[in-house]
Amino acid sequence: MISPSFRLRLAALCTLPLLATACAEQASGRFPSLLPRPIESRSDAEPVVAIPVAAPDPALDATIAKMLAAVATTKRDFAVAAARTDAAARRAKGDKVGGEQWIEAQTALAELDVYRATSLGLVTDLEEAALGRAADAKPPYPALEAAQAAAQAELDAESAHIQRLQASLPEA
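The residue numbers shown here count from 1 along each chain, following its written sequence. Per-residue local features are limited, in this predicted model, to residues with pLDDT of at least 70; the limit for side-chain atom pairs, both in listing and counting, is 80 or more; totals at the level of whole chains, interfaces and linings are taken over all residues. Remark: hydrogens and water are excluded; side-chain values derive from all non-hydrogen atoms of the structure.

Put simply, DSSP H or I for four residues or longer makes a helix, DSSP E for two residues or longer makes a strand, and each gets a number counted from the N terminus. Tallying secondary structure elements over the chain gives four helices and zero strands in all. Shown N-terminal to C-terminal, the secondary structure of the chain runs as helices and strands in the order α-α-α-α. Buried, partly exposed and exposed residues are distinguished by accessible area as a fraction of the type maximum, computed with a 1.4 Å probe on protein chains only: under 20%, between the cut-offs, and over 50%, respectively. Burial statistics for the chain: of 172 residues in total, 22% are counted as buried. Residue contacts are counted whenever heavy atoms from the two residues lie within 4.5 Å of one another. Pairs at least 24 residues apart make up 79% of the contacts formed inside the chain by residues separated by at least 6 positions.

This is how it looks when you write it as structure tokens:
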């Protein structure tokens, strides 16, 4: 005799193919296309934007030349003063705070700060010129950007030299 559990399993096995075919759709000859959809054929690349070229500006070129000459003069004068300050700082290494050599070195450092302030003024003037161009919706001016970079590099070098000398002297 056949057990009831076997009959149940046999019934389940017999109905399984019927259930599977009930879910299948009759082939109508229309299958989904494998061609790219319109959304898949578009480009996601950033659009190419033409960078406007700045027209020559003789007045700005003259200003830039004048400021670059001032940067070069400040650089030369700073180098001369820095040599004197380096020597004064070496002499002041063994001196106490407030001693004659220490005061001489601090005075020389103050002179270097004057040159650094001049360089900072030049950097500020060049930045203001660039900001003025931007406010007037003019394209960046390569010569102005190069002058800004040169002036900033000189200011950074001067600041680093002054900090190094200040660190070598006894603090007040």
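And the narrative resumes.
The next thing to look at is the side chain of threonine 85. Take threonine 85: it is sitting in helix H2 (residues 58-92). Take threonine 85: its relative accessible area is 1%, and that puts it in the buried class.

Salt-bridge detection follows one rule: a side-chain nitrogen of Lys or Arg within 4 Å of a carboxyl oxygen of Asp or Glu. Scanning all chains against the criterion turns up six salt bridges. Of the charged contacts in the structure, one is a salt bridge between glutamate 111 and arginine 84, with a shortest N-O distance of 2.6 Å. Of this pair, glutamate 111 sits in helix H3 (residues 100-135) while arginine 84 is found in helix H2, placing the two residues 27 residues apart along the sequence. By relative accessible area, glutamate 111 is classed as partly exposed at 27%. We classify arginine 84 as partly exposed; its relative accessible area is 45%.

So, on to H3. What sets the pattern is the α-helix's 3.6 residues per turn: residues three or four places apart point alike. The terminal C-alpha atoms of H3, which comprises 36 residues, lie 52 Å apart, in line with the 52 Å expected from a rise of 1.5 Å per residue. Every buried residue of H3 is accounted for by Trp102, Ala105, Ala108, Leu109, Leu112, Ser119, Leu122, Val123, Leu126 and Arg133. Multiplying one less than the number of residues by 1.5 Å gives the expected span of a helix.

Running from amino to carboxyl end, H3 crosses helix H4 (residues 142-168) at an angle of 155°, the nearest separation of the two axes being 9 Å. Considering their axes alone, H3 and H4 lie roughly antiparallel with respect to each other. Classified by chirality, the crossing of H4 by H3 is left-handed. Following the grouping adopted for this structure description, the nonpolar residues are Ala, Val, Leu, Ile, Met, Phe, Trp, Tyr, Cys and Pro, the charged ones are Asp, Glu, Lys and Arg, and the polar ones are all others, Gly among them. A per-class count over the contact of H3 with H4 returns 14 nonpolar, six polar and six charged. Only C-alpha atoms enter the line fits that serve as axes; for helices the fit covers just the stretch in contact. Angles between N-to-C directions range over 0 to 180 degrees. We call two directions roughly parallel when the angle between them is under 35 degrees, roughly antiparallel when it is over 145, roughly perpendicular when it lies between 65 and 115, and oblique otherwise. Two helices that cross are described as forming a left-handed crossing if the nearer one is turned anticlockwise from the farther one by less than a right angle, and a right-handed crossing if clockwise.

In the contact formed by H2 and H4, the axes pass within 10 Å of each other and the chain directions differ by 15°. Considering the angle they form, H2 stands roughly parallel to H4. Where H2 crosses over H4, the handedness of that crossing is left-handed. In this structure, H2 uses Leu60, Asp61, Ile64, Leu68, Val71, Thr74, Lys75, Phe78, Ala82, Thr85, Asp86 and Ala89 to contact H4, whose residues at the interface are Ala143, Leu144, Ala147, Ala150, Ala151, Glu154, Glu158, His161, Ile162, Arg164, Leu165 and Ser168.

The residue leucine 112 is located in helix H3 in this model. Distance from leucine 112 to isoleucine 162, taken between C-alpha atoms, is 7.2 Å for residues 50 residues apart in sequence. Those residues in contact with leucine 112 that sit more than four places away from it in its chain are Phe78, Ala81, Ala82, Thr85, His161, Ile162 and Leu165.

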